[in-house]
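Architecture at a glance
Chain by chain, the residues run as shown.
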Amino acid sequence: RKKASERPRSGPRSEAEMHLKYIHRARGVAIVSIVAMHCLDNLDWSSNHRLYRFLTELLQGSTVIFFMISGYLFQHLSDRFDYTEYLKKKIRNVILPYIVVSLPGIPLLLSKPYFLEQNPELIGSSWWQQVLFLYIYSGSQLNYVLWFVPVVTIYYLCAPLFIHFLKHPRYFLSLLVLIPVSILAHRTTIQKYHHLQLALYFLSAYMTGMWAALYREKVLPFAIRNLAPLSITVLAIVFGHLLLTDHVGSYVDEIFSDEQGRIDWIFVQKVLLFFVLIGGLKKLDRLKMPTVDYVASVSFAIFFLHVYVLYIYSHLMHWHQFPGTLMSIAALLAFTIACSTGLAYLFRSVFGRTSRLLIGA
């Protein structure tokens, strides 16, 4: 048997480890990438299609990194796992803000005549059934990015199984099957009826994050030591995909369909990019990054609110789309992040600690 000092560490052991700065900052980078991807859709790229393809290739699928970070943090905080307390915390910090943040968008969407046209199965149903439908299938909401919460909730419910994996690391060999499943399955539509398929698609990302945290004393030095080759590999996948295919963006289709390509290169790219991120940010651990740190600290609020900001922006612009350029995407991204963080600051100022129950920060 291995000595205690030689066994993989299963969670935080000291005050210094309680806060993983590099993971905290990686979450900030991931949320900015997700917001940037959604900003792309609010600009007109008809005259700049090559730039659109390149930016889409870089930004699409950043949610994979978000799931990997979630898995990493799950392992990091797993030492004193109590299922009841764990679920209470998730209800308080994730589910409750999800319910609150959904409130503005749901009645607005229900007032639109196209809602029932897009969901004919709800014709004749009561308003509360329609509200419940939008809470369960939140990809159909006005704030469509909220699909993340019901899907990650499946992982919350399966937490004891993940704890079992952490106690018996040999089970992580299942990743040799689960990663190919994700690569071949492709990410399905977020609209409705696909929660289990999405949970299957992101499962290997979540568990790879757990594995990376469990063996971080080996994984981090490896990522730092191989930062250049890992980065080159990511860029090779990006440019290879651009040059060798006509495909744009993620492979959103029916599960295991090869209509848009057999291999989900976006997933492969983002898994490798996660290790580039944690390796690079670990090297910069001592560098002060107040803006990145603040964005990371309100990342959930940005995630919850940024679609509303983009909706209001489009409404004020009378749905006019400016030409897509590096300047216009940078400006719209800065505007969206600034407004979202501003709203988070306002909620924190008015409600104090209660704001976390309302907007997740």
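How each quantity is defined
Residues numbered from 1 in each chain as written. Predicted model: local features only at pLDDT ≥ 70, side-chain atom pairs only at ≥ 80, totals over all residues. Heavy atoms only, no water. Helix = DSSP H or I, 4+ residues; strand = E, 2+ residues; numbered from the N terminus. Contact = heavy atoms within 4.5 Å. Areas by Shrake-Rupley, 256 points an atom, 1.4 Å probe, with all protein chains shown as cover. Lys, Arg positive; Asp, Glu negative; His and termini not counted. Charge placed at Lys NZ, Arg CZ, Asp CG, Glu CD. pLDDT = per-residue confidence, 0-100. Disulfide = S-S within 2.5 Å. Buried < 20%, exposed > 50% of the residue type's maximum accessible area, 1.4 Å probe, protein only. Salt bridge = Lys/Arg side-chain N within 4 Å of Asp/Glu carboxyl O. Axes fitted to C-alpha atoms, helices over the stretch in contact; angles between N-to-C directions. Left-handed = near helix turned anticlockwise from the far one by under 90°. Nonpolar A, V, L, I, M, F, W, Y, C, P; charged D, E, K, R; others polar. Phe/Tyr/Trp six-rings, centres within 6.5 Å; stacked < 30°, edge-to-face > 60°. Expected span 1.5 Å × (residues − 1). Bend = angle between axes of the 7 residues up to and from the residue. Core = buried A, V, L, I, M, F, W, Y, C linked by side-chain atoms within 4.5 Å.

Of the regular secondary structure elements, the protein chain holds 18 helices and zero strands. In the protein chain, of all internal contacts separated by at least 6 residues, the share reaching a separation of at least 24 is 82%. Surface accessibility of the protein chain: about 18100 Å² in total, with carbon and sulfur atoms responsible for 66%. Each charge class in the protein chain was averaged separately, 33 positive and 20 negative side chains, and the resulting centres sit 12 Å apart.

This brings us to the confidence of the model for the protein chain. Mean pLDDT for the protein chain: 88, with 93% of residues reaching 70 or above. Throughout residues 1-18 the model reports pLDDT below 50, and contacts reaching past four residues in sequence, or to other chains, amount to 27 contacts.

Here the focus is the state of the cysteines. A full pass over the atoms with the stated rule returns zero disulfides. There is no disulfide at Cys39, and the cysteine sulfur nearest it, in Cys339, is 11 Å away. For Cys39, a relative accessible area of 0% puts it in the buried group.

If the charged atoms of two oppositely charged side chains come close together, the side chains can form a pair. With the rule as written, the count across this model stands at three salt bridges. A salt bridge links Lys88 to Glu85, with the nearest nitrogen and oxygen atoms 3.7 Å apart. Of this pair, Lys88 and Glu85 both sit in helix H4 (residues 83-102), three residues apart, which is roughly one turn of the helix. Glu85 sits in the partly exposed class, given a relative accessible area of 46%. For Asp285, the salt bridge goes to Lys282, with nearest N and O atoms at 3.2 Å. Residue class for Asp285 comes out buried when judged on its relative accessible area of 17%. We classify Lys282 as partly exposed; its relative accessible area is 30%.

Between helix H3 (residues 62-76) and helix H8 (residues 148-157), the least distance of the axes is 12 Å, while the angle of their chain directions is 35°. Seen from above, H3 lies across H8 with right-handed handedness. Of the residues in H8, those touching H3 at Thr63, Phe66, Phe67 and Ser70 are Phe148, Val151, Val152 and Tyr155. Here the residues of the contact of H3 with H8 are counted per class, giving six nonpolar, two polar and no charged.

Turning our attention to the packing of aromatic side chains. Taken as a whole, this structure holds 36 aromatic pairs when the rule is applied. Seen from their ring centres, Phe74 and Tyr86 are 5.7 Å apart, and the 80° between their planes marks the pair as edge-to-face. Here the residue Phe74 occupies a position in helix H3, and Tyr86 occupies one in helix H4, the gap between them amounting to twelve residues. Classification of Tyr86 as buried rests on a relative accessible area of 13%.

Turning to H4, a few remarks are in order. Think of an α-helix as 3.6 residues a turn; residues three or four steps apart then line up on the same face. With 20 residues, H4 extends 26 Å between its outermost C-alpha atoms, agreeing within 8% with the 28 Å of an ideal straight helix rising 1.5 Å per residue. Of all the bends found along H4, the most pronounced is centred on Ile91 and spans about 40°. Every buried residue belonging to H4 is among Tyr86, Asn93, Val94, Ile95, Pro97, Tyr98, Val101 and Ser102, and all of these are buried.

The next point concerns the nonpolar core. If you look at the biggest cluster of nonpolar residues, it comprises 108 residues, and the most contacted ones within it are Phe67 and Phe274. The dominant element in this core, judged by the number of residues it contributes, is helix H11 (residues 195-214), at twelve residues. Apart from the residues lying within four places of it in its own chain, the contact partners of Phe274 are Ile23, Ile65, Met68, Ile69, Tyr72 and Ala212.

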